[in-house]
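Architecture and fold: a report
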Amino acid sequence: MMVGPIGTTLTLESKSPFDLRLDQSRAVPESAVKKALRTGDIGFIHSFTTGSTVDGPGVRVVGWTAGCQWRCLYCHNPDTWNMTNGMAVPLERAVDHLRKYRHGLKIMSGGFTLSGGEPLLQDRFAVKLFTAAKAMGIHTAVETNGFLGERITDEDLEQIDLVLLGIKTWGSAKHTRLTGKDIGPTLQFARRLAAHQKPVWIRFVLVPGLTDDAEHLVEIAKFAAGLGNVERVEVLPFHQMGRYKWERLGIDYELEGFEPPTNALQDWARGLFRAEGLKAY
Ligand code: SF4
């Protein structure tokens, strides 16, 4: 437990990232936020969860950062868009948290994943935390949309064992419509990771009627296969578990009537990636 800057008693751990957490560091002065972003000595974190088997290899501790500059129509954690919804967590506190799990993570061939939100919005904190994790012998992974990849230096990259890179769709107009941002920087980061032969898992959210355009899926598959460093592609079925957050936050939700993909549609999408020689799950 720790006491938050607005006087509430907060737990660092959450059972699920689907917990709605709001305004946890609203009272932190803007100057302190800017300093934290510059130094990386404090991170803004929605929560930590343990025991994940879907956020990288083995069993993982996952840190869910707050703050994202994208606005994906299917985002299931819109409470992580705003950095001040996260707890202001000193770096040492986060490192201490990881230290508790270091032996177990090694035994379970797992590690630590920083997700979000968008972790690279807090790039200095992310790199410092990864550096500390690796010093403890913990495997490190970042789940990112890649938009801010240029903030990560080549030296920083050495602290990251695996990148879980979200590619949301293909084509500039469609990408901007889906996420609010251009796809260019993500693809640029993907190419840079390939040049460094950094292991990458591509994550793609399949939404029937929104991201199941065959032509675009084939383009993503060809691009991923051409990189040479993509170890696997994960086709993630869209779900409605985050819908209540949009409602609680009063944000218009455009995917009200959208259904999760059938198993057949998921198999079809995975098949398109496999046809390009990729491992798809
Ligand atoms: S990049 Fe991730 S956290 Fe950001 S809006 Fe999209 S789905 Fe949500």
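Provided above is the structure to which this section pertains.
I will try to describe carefully the structure that is included in this document. (Residues numbered from 1 in each chain as written. Predicted model: local features only at pLDDT ≥ 70, side-chain atom pairs only at ≥ 80, totals over all residues. Heavy atoms only, no water.)

Focus on the overall build of the chain
Within the chain, the secondary structure is distributed over 9 helices and 10 strands. Expected size for 281 residues packed as a compact globule is a radius of gyration near 19 Å; at 18 Å, the chain falls within 12% of this value. Seen through its principal axes, the chain has C-alpha atoms that stretch 50 × 40 × 30 Å. Among the 281 residues that make up the chain, the fraction classed as buried is 53%. Across the chain, 33 positive and 32 negative side-chain charges occur, with their mean positions spaced 5 Å apart. (Helix = DSSP H or I, 4+ residues; strand = E, 2+ residues; numbered from the N terminus. Rg over C-alpha atoms; globule rule 2.2 N^0.38 Å. Buried < 20%, exposed > 50% of the residue type's maximum accessible area, 1.4 Å probe, protein only. Lys, Arg positive; Asp, Glu negative; His and termini not counted. Charge placed at Lys NZ, Arg CZ, Asp CG, Glu CD.)

A short note on the environment of Gly242
Tracing the sequence through the fold places Gly242 in the loop between strand 10 (230-237) and helix 8 (243-249). The exposure class of Gly242 is buried, given its relative accessible area of 4%. Taking C-alpha positions, Gly242 is 8.5 Å from Tyr74, a pair spaced 168 residues apart along the chain.

Some points on the site of the ligand
The immediate surroundings of the ligand are formed by Cys68, Trp70, Arg71, Cys72, Cys75, Trp81, Gly117, Asn145 and Lys168. In this structure, the ligand is accommodated by the largest pocket. Counted by class, the shell around the ligand contains 5 nonpolar, 2 polar and 2 charged residues. (Near = heavy atom within 4 Å. 1 Å grid on protein atoms, 1.4 Å probe; cavity = no way out; pocket = protein on both sides within 12 Å on 5 of 7 lines; lining within 4 Å. Sits in = over half its atoms within 2 Å of the grid points. Nonpolar A, V, L, I, M, F, W, Y, C, P; charged D, E, K, R; others polar.)

Re the packing of aromatic side chains
Using the criterion set out here, one finds 7 aromatic pairs in the structure. Relative to Phe112, the ring of Phe48 has its centre 6.3 Å away and its plane inclined at 25 degrees; by these criteria the two rings are stacked. With Phe48 in strand 3 (residues 42-52) and Phe112 in strand 6 (residues 111-115), the pair connects residues that are 64 residues apart, well separated along the chain. Grouping residues by exposure puts Phe48 and Phe112 together as buried. Judged by centre distance (5.8 Å) and plane angle (75 degrees), the ring pair of Trp70 and Phe147 falls under edge-to-face. (Phe/Tyr/Trp six-rings, centres within 6.5 Å; stacked < 30°, edge-to-face > 60°.)

Thoughts on the sheet that holds strand 3
With mixed pairing, the 8 strands of this open sheet are ordered in space as 5-3-4-6-7-8-9-10. The sheet terminates laterally at strand 5 (87-90) and strand 10, the two strands that pair on one side only. Geometrically, the sheet is characterised by an average inter-axis angle of 30 degrees between neighbouring strands, direction not taken into account. The sheet contacts of helix 3 (residues 123-135) involve strand 3, strand 5, strand 6 and strand 7 (139-144), and relative to strand 6 the element is tilted by about 175 degrees. (Pairing = 2+ DSSP bridges. Axes fitted to C-alpha atoms, helices over the stretch in contact; angles between N-to-C directions. Contact = heavy atoms within 4.5 Å.)

Here we look at the nonpolar core
Phe112, Leu129 and Phe273 are the most contacted members of the largest nonpolar core, which has 63 residues in total. Apart from the residues within four sequence positions on either side, Phe273 is in contact with Leu217, Ile220, Ala221, Val233, Val235, Leu278 and Ala280. Leu73, Trp81, Leu178 and Val205 belong to the second-largest nonpolar core, a separate cluster that totals 15 residues. (Core = buried A, V, L, I, M, F, W, Y, C linked by side-chain atoms within 4.5 Å.)

Focus on the layout of surface pockets
Approximately 940 Å³ is the volume found for the largest pocket. Contributing to the lining of the largest pocket are 38 residues, with Trp64, His76, Glu143, Arg203 and Leu236 lying nearest its centre. Taken together, the elements giving at least two residues each to the lining of the largest pocket come down to strand 3, strand 7, strand 9 (200-206) and strand 10. Sort the elements by how many residues they give to the lining of the largest pocket and strand 3 lands first, with 4 residues. (Points joined across faces, edges and corners; volume = space filled by probe spheres on them.)

These figures capture arrangement, not role.
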